[in-house]
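Report on the structure
Spelled out from the first residue to the last, the chains are:
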Amino acid sequence: MQNCINMSVLIYIGIGRVAIQTVSLSFFRFGSPMARLWALTQMGAARFTLPRTPDIGFWKLLGSGTGEGFTPIPNTTIYAILATWPDEETARKSLSTAPTYKRYCKWAEENWTVFLAATSVRGAWSNSTPFEQSATETSGPLAALTRATIKPSIAAKFWKRVPDISDMIGADPNVIFKIGVGEVPWLHQVTFSIWPNKHAMAEFARRDGPHARAISAVRGGSWFREELYARFRILGTHGMWDGSDPLMQMQSVDARSVK
């Protein structure tokens, strides 16, 4: 099992410690059947402990789908916690000391957290706007998060399109990290992705294909009861995913391309 503090890989992305709202998105991978069962129970139990964490603001416990998460079939190995904090220092301290996070880290075989500051936010999540637009975009890596409450009458149509979109984003060499998670299977979907720069993300969004056609259908058909779109500046990360830090891999590629 990976220790949340001592074995974490820590990266700062060229920004000072400024008192701006910080969003943490932590991913946990559970290996053994016992660990998976424990993680499943926390989707209920942690709802009572996580809100008692000092300084925590908006929070959500998230499950995932099979594959890279972009399917309606639950994946019992990967879970996530999203939370907002008054600043980055508080976020980092809370993740290393809060009982809920410590228990998740104890049971997980690996974990990875990305710290974010919103550069643009549109829409609502659980009838609120959880992210404060508190940072400006840079020329470096950025993250995108979408969240939607899917109308039950449209769920089958929505999920029919998802595999093609997943294949398309998976084949894009520019995407650094991607995963689909959600609060309630089939009806509450969250997508999270990290891109090397704004240009790469915009090129994917404009490209004709399943993603563009799905966006057009959503806009024309009113598929969602509630939706939120946000972009983030990446403040830093800690931990590992698939044995390394995804952003460290990107920096290694960039360093080799300069030589």
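Residues numbered from 1 in each chain as written. Predicted model: local features only at pLDDT ≥ 70, side-chain atom pairs only at ≥ 80, totals over all residues. Heavy atoms only, no water.

Here the focus is the pairing of strand S8 (residues 188–195). Most of S8 sits inside the fold, with 6 of its 8 residues counted as buried. Here strand S6 (residues 142–150) pairs with S8 via 8 bridges, running antiparallel. Within the sheet, the bridge partner assigned to Leu142 lies in S8 and is Trp195. The pairing of strand S7 (residues 177–182) with S8 spans 5 bridges and is antiparallel. Within S8, the residue paired with Ile179 across the bridge is Phe192. (Buried < 20%, exposed > 50% of the residue type's maximum accessible area, 1.4 Å probe, protein only. Helix = DSSP H or I, 4+ residues; strand = E, 2+ residues; numbered from the N terminus. Pairing = 2+ DSSP bridges.)

Moving on, we come to unusual backbone geometry. Trans is the prevailing form of peptide bonds, just as negative phi is the prevailing case for residues other than glycine. The phi dihedral of Asp55 falls on the positive side, at around 75°, and the residue is not glycine. A positive phi angle is found at Ser126, which is not glycine, with a value near 55°. Looking at the element boundaries, Ser126 is found in the loop between strand S5 (110–123) and S6.

In this section: the pattern of salt bridges. When charged atoms on two side chains of opposite charge get close, those side chains can pair. For the structure shown, the criterion picks out 8 salt bridges. Between Arg231 and Glu137 there is a salt bridge, and its shortest N-O distance comes to 3.5 Å. Here the residue Arg231 occupies a position in strand S9 (residues 224–239), and Glu137 occupies one in the loop between S5 and S6, the gap between them amounting to 94 residues. On the basis of relative accessible area, Glu137 is assigned to the partly exposed category, the value being 32%. Linked by salt bridges that have partners in common, Lys60, Arg147, Glu183 and Glu226 make up one network. (Salt bridge = Lys/Arg side-chain N within 4 Å of Asp/Glu carboxyl O.)

Okay, empty space enclosed by the protein next. As enumerated under the stated definition, the model contains 1 cavity of 30 Å³ or more in all. By volume, the largest cavity is sized at about 30 Å³. Classifying every residue of the lining of the largest cavity by side-chain character gives 3 nonpolar, 2 polar and 2 charged. (1 Å grid on protein atoms, 1.4 Å probe; cavity = no way out; pocket = protein on both sides within 12 Å on 5 of 7 lines; lining within 4 Å. Points joined across faces, edges and corners; volume = space filled by probe spheres on them. Nonpolar A, V, L, I, M, F, W, Y, C, P; charged D, E, K, R; others polar.)

Tallied over the entire structure, the rule returns 17 aromatic pairs. Seen in terms of ring centroids, Phe30 and Trp38 are 6.0 Å apart; in terms of plane orientation they differ by 50°. Their pairing is tilted. Pair check on accessibility: Phe30 and Trp38 agree, each one buried. With a centroid separation of 5.4 Å and an interplanar angle of 10°, the aromatic rings of Trp38 and Trp107 are classed as stacked. In this pair, Trp38 sits in helix H1 (residues 33–49) while Trp107 sits in helix H3 (residues 99–107), placing the two residues 69 residues apart along the sequence. With a relative accessible area of 13%, Trp38 lands in the buried category. On the basis of relative accessible area, Trp107 is assigned to the partly exposed category, the value being 27%. Connected via pairs of aromatic rings, a cluster forms that spans Phe28, Phe30, Trp38, Tyr79, Tyr104 and Trp107. (Phe/Tyr/Trp six-rings, centres within 6.5 Å; stacked < 30°, edge-to-face > 60°.)

Our next topic: the confidence of the model for the chain. Chain-level pLDDT for the chain is 80 on average; 70% of the residues reach the 70-or-more range. Overall, residues 5–16 carries pLDDT values under 50, and its contacts beyond four positions in sequence, including any with other chains, amount to 37 contacts. Scored below 50 in pLDDT, residues 208–218 makes 18 contacts in the model with residues more than four places away or belonging to other chains. (pLDDT = per-residue confidence, 0-100. Contact = heavy atoms within 4.5 Å.)

This next bit is on the nonpolar core. Judged by nonpolar contacts, the single largest core of 29 residues is most densely connected at Phe27, Leu82, Phe131, Leu145, Phe192, Ile194 and Phe232. Breaking this core down by element, the ones donating at least two residues are strand S2 (22–29), strand S4 (74–85), S5, S6, S7, S8 and S9. Not counting residues within four places of it along the chain, the set of residues in contact with Leu145 comprises Leu82, Trp125, Phe131, Val190, Thr191, Phe192, Leu228, Tyr229, Ala230 and Phe232. Among the nonpolar cores identified, the runner-up in size contains 27 residues, and Ala83, Ala98, Tyr104 and Ala117 belong to it. (Core = buried A, V, L, I, M, F, W, Y, C linked by side-chain atoms within 4.5 Å.)

Interhelical geometry of helix H2 (residues 88–97) versus H3 gives an angle of 60° and a closest axis separation of 5 Å. Overall, the two elements H2 and H3 adopt an arrangement that is oblique. Contact with H2, carried on its side by Ser94, Leu95, Ser96 and Thr97, involves Pro99, Tyr101 and Lys102 of H3 and no other residues of that element. A per-class count over the contact of H2 with H3 returns 3 nonpolar, 3 polar and 1 charged. (Axes fitted to C-alpha atoms, helices over the stretch in contact; angles between N-to-C directions. Parallel < 35°, antiparallel > 145°, perpendicular 65-115°, else oblique.)

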